[in-house]
Each structure stands twice: as C-alpha cells, then as structure tokens.
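# Descriptive analysis of the structure
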There are 2 protein chains.
Amino acid sequence: MNHSEIMIDRVLVHLFNDLLRIEEKTLQKKIGDLSMREVHIIEAVCASQKEDNTMTVLAATLRVTVGSLTVAIKTLERKGYVIRQRSQSDKRRVHVLPLPPALEVEKHHRAFHARMVEAVTSTVPPQELDVLIKSLHAIYDYFYDQEEA
Amino acid sequence: MNHSEIMIDRVLVHLFNDLLRIEEKTLQKKIGDLSMREVHIIEAVCASQKEDNTMTVLAATLRVTVGSLTVAIKTLERKGYVIRQRSQSDKRRVHVLPLPPALEVEKHHRAFHARMVEAVTSTVPPQELDVLIKSLHAIYDYFYDQEEA
DNA sequence: GCCCTATCATTTGAACTTCAAACATTCGAG
DNA sequence: CTCGAATGTTTGAAGTTCAAATGATAGGGC
C-alpha cells in the first residue's frame, strides 16, 4: 500500500474506532451512570418514529438480537431512563418510551454529533466539501451493497 | 443537520461499526477459532517492530490495559498463535512473537484491508481521489489534535 | 370455536472483553 | 544496598452479546 492507501485504511479502521472513544470522553460528565452502548440505545429509542419503538424494530436498528436488547432495556428501565408499554392493539408487542433523563442525555449526544460534523465541514475547504460528500456517498453505497449481498 | 451533514455523521459513526461486521463475515472461514478482537491483537503482534513487541507497548497500541492484554495473550498462547519470551536484557519485559498460524491469519487479514482500500480507490473517480485523500488527512489530523488536548 | 403456526418478547447460561486493584519481580538511581 | 519505578500477572467484577428454551399472543384455515 502506498501513502494515500495507508491513509484510507487508517481512516476507515482507526478513526472511527477512536471517535467512539473521543465521544465517550466528551460526554463523560453528561451521561452519568450510562455506558456508550446505553447512550446509543437511548438514541435509537428517542429517534424511533411512532410505532417503530418496538423491541424487534429497535433491535434491528441496533443490530443486536431481541434477547440482547431485552437485557439492555431492562437495565435502562431500572435506571429510570425508559419505560415499556405493552401495545394495546397487539399484546405481543412492547413499546419503549424515553423518559426525561433520556431526552436530556440525547440532547447532549446530538450536540456532540453536530460539533463533530461541524469539525469536518469547517476543516475541509468549501469547494472541496462537495467532492468529499460525493466520495463518501459512493463509499457508503459500495459497502452497503456489499453487505446486503 | 442538512442532507450532506447527515451523510457525514452517518459515515463517521456507522460505517466503522459496519465495516467491522463485514470484516468479520468476510474472514469468518479463515480465522478458525479466533474472534475479531484476537485477529487484531495478532495484527499488532505481527506489525510490531523489533523490541516493540512487549506487553506494555502492545497494550498501548491496542489501547487496552496491560492486564487485559495479559488475559488475551494467554488465550492466544494456549491456542498456539503466539509465544512469550522473557527479555534477556531486562527480565521484567515480555516479548510476544507470532507463530506460523498467526502469520497465516494476518495474511488474510491484510488482504481484506487491501481489498477494502481498493474498493474505495476504484469507487471514487481518479481526479476526485486527491481531494478525498486531502480531506481525510485534514479530518484525521483534526481529531487527533483534539484527542491529545 | 379450535388448532397450528408464526410472531414478539423474555429468561437463562455461557462466552468474550475489559478494567481496577492487589501482587510479584526486576531495574536503576542514589 | 535500598527504595521507588517499571513491567507483567492474577483475580474478581461488570458489561455486552448470543443461542436456545420458554411463554404469550395473533391470525389463518377448518
């Protein structure tokens, strides 16, 4: 691999990994007794549209089994971040709803992401930003086509 | 966040996690009884320069505590992928050396990364690749300056 | 209405990863 | 030589995840 290729590899592999750590460090004071994993579960709960906040849908969004999510949500419920509600129309379904502490955490979490994106857009010259976006689109599409196959 | 910003966020956050899954799926048949975590430990062991293969240095590279690495290396040693050698010059130090099975795994692992980079370079038009590389450099530098602060 | 299957969720036991703290050994400066 | 620093190991606990077993409900076909 040449220099540019090593750069691409490093970004693809390490940057994203390290961003998670930076995120954790940045949010440390805001998330209290939550792990980053729990923060991202809260993110999914807050972001879910009406009727899309069932265990099965959330688990698919988060790419874990429903069993794993049950364990996680049980903890978050105990900690007072979410509540569960049996669906009235289909009593097999469980809807997960955020409580105020979850909304508060998600506010900080969203703010971090906004700052992160701002960091990119402010770092790359405007005339080059279009090319970057286009490239990222292409890369994103490529890998997601791969994954589906 | 507008459309482009959402794209940046998505790439920065999700692509990494998904790449790790794609990597795992791709290498599945090659890595036998190893987890991806173990593959990346083997990568660090194989990539370490002479005298940089001690527990402390490897742990720093992998961003885990030395205690964690001890546990992991112990397993890899039992599985026959690495061996440990006490340093002669400094008997506190332990050098970790790859055995043939580790070299074999690392070969497949490196090949995957090469294909991944190839995917990017072949997806993005040549004239736009320069801009992409330059942008990635800027982004990379930005976040790593952040982290040190 | 009654079965049978599919769907949705929970529980449980096991595996993996990680860390902090306690401990042991060795080195090196004074 | 002595003592603090550096290097690793061990251990116990916590977090995450999954597969498999289980329970409950829904819905179609009879």
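Values in this document were obtained by computation on a predicted structure and should not be read as measured data.

What counts, and at which threshold
- Residues numbered from 1 in each chain as written.
- Chains lettered and ligands numbered in written order.
- Predicted model: local features only at pLDDT ≥ 70, side-chain atom pairs only at ≥ 80, totals over all residues.
- Heavy atoms only, no water.
- Salt bridge = Lys/Arg side-chain N within 4 Å of Asp/Glu carboxyl O.
- Helix = DSSP H or I, 4+ residues; strand = E, 2+ residues; numbered from the N terminus.
- Near = heavy atom within 4 Å.
- Polar contact = N/O pair within 3.5 Å; in protein donor to acceptor, adjacent residues only side chain to side chain.
- Nonpolar A, V, L, I, M, F, W, Y, C, P; charged D, E, K, R; others polar.
- Least-squares fit on C-alpha atoms with pLDDT ≥ 70 in both.
- Axes fitted to C-alpha atoms, helices over the stretch in contact; angles between N-to-C directions.
- Parallel < 35°, antiparallel > 145°, perpendicular 65-115°, else oblique.
- Contact = heavy atoms within 4.5 Å.
- 1 Å grid on protein atoms, 1.4 Å probe; cavity = no way out; pocket = protein on both sides within 12 Å on 5 of 7 lines; lining within 4 Å.
- Points joined across faces, edges and corners; volume = space filled by probe spheres on them.

## Points about the pattern of salt bridges
According to the stated counting rule, one finds 18 salt bridges over all chains in the structure shown. Its salt-bridge partner being Asp18(B), residue Arg63(A) comes within 3.7 Å of it at the nearest N-O pair. Taken together, the residues Arg63(A) in the loop between helix H3 (55–62) and helix H4 (66–78) and Asp18(B) in helix H1 (residues 3–27) connect one chain to another. One salt bridge in this structure joins Asp90(B) and Arg93(B), with 2.7 Å as the shortest N-O distance. Through salt bridges with shared partners, one network takes in Asp18(A), Arg21(A) and Arg63(B).

## Re the protein's contact with DNA strand D
Contacts to DNA strand D come from 22 residues, most closely from Ser35(A), Arg37(A), Ser68(A), Arg92(A) and Thr56(B). For DNA strand D, the backbone makes up 79% of the atoms found within 4 Å of the protein, where backbone means sugar plus phosphate. One of the backbone nitrogen or oxygen atoms of Thr65(A) is found 3.0 Å away from a phosphate oxygen of DNA strand D. At the level of elements, H4 of chain A together with helix H3 (55–62) and helix H4 (66–78) of chain B are the ones that each hand at least two residues to the surface near DNA strand D. Element by element, the count of residues in the surface near DNA strand D is highest for H4(B), at four residues. Classifying every residue of the surface near DNA strand D gives five nonpolar, eight polar and nine charged.

## Examining the protein's contact with DNA strand C
Taken together, 22 residues lie around DNA strand C, and Thr56(A), Arg84(A), Val94(A), Ser35(B) and Arg37(B) are the ones closest in. Taking all atoms of DNA strand C within 4 Å of the protein, the share assigned to sugar and phosphate is 79%. Arg84(A) places a side-chain nitrogen or oxygen 2.7 Å from a phosphate oxygen of DNA strand C. Take Arg37(B): an N or O atom from its side chain is 2.6 Å from a phosphate oxygen of DNA strand C. Secondary structure elements with two or more residues in the surface near DNA strand C: H3 and H4 of chain A together with H4 of chain B.

## A word on the relation of the copies chain A and chain B
You can overlay chain A on chain B at an RMSD of 0.2 Å; the transform is a turn of 180° with a shift of 0.1 Å along its axis. This pairing of chains is accounted for by a two-fold axis.

## Quick word on the packing of helix H1 (residues 3–27) of chain A against helix H5 (residues 100–123) of chain B
Following both chains from N to C, one finds H1(A) and H5(B) inclined at 105°, their axes separated by 9 Å at the closest point. In terms of axis orientation, H1(A) runs roughly perpendicular to H5(B). In this structure, H1(A) uses Glu5(A), Ile8(A), Asp9(A), Leu12(A) and Val13(A) to contact H5(B), whose residues at the interface are His113(B), Met116(B), Val117(B), Val120(B) and Thr121(B). Residue composition of the contact of H1(A) with H5(B), grouped by class: six nonpolar, two polar and two charged.

## Quick notes on empty space enclosed by the protein
For the structure shown, the criterion picks out two cavities of 30 Å³ or more. There is about 160 Å³ of room inside the largest cavity. Forming the walls of the largest cavity are 16 residues, and the residues nearest its centre are Val11(A), Phe16(A), Leu136(A), Val11(B) and Leu136(B). Contributing elements (two or more residues each) for the lining of the largest cavity: H1 and helix H6 (126–148) of chain A together with H1 and helix H6 (126–148) of chain B. Element by element, the count of residues in the lining of the largest cavity is highest for H1(A), at five residues. The residue inventory of the lining of the largest cavity, partitioned by class, reads 16 nonpolar, no polar and no charged. For the second largest cavity, the calculated volume is near 70 Å³. Looking at the second largest cavity, the residues that line it are Phe16(A), Leu19(A), Leu20(A), Glu23(A), Met116(A), Leu12(B), Val13(B), Phe16(B) and Asn17(B). Breaking the lining of the second largest cavity down by element, the ones donating at least two residues are H1 of chain A together with H1 of chain B.

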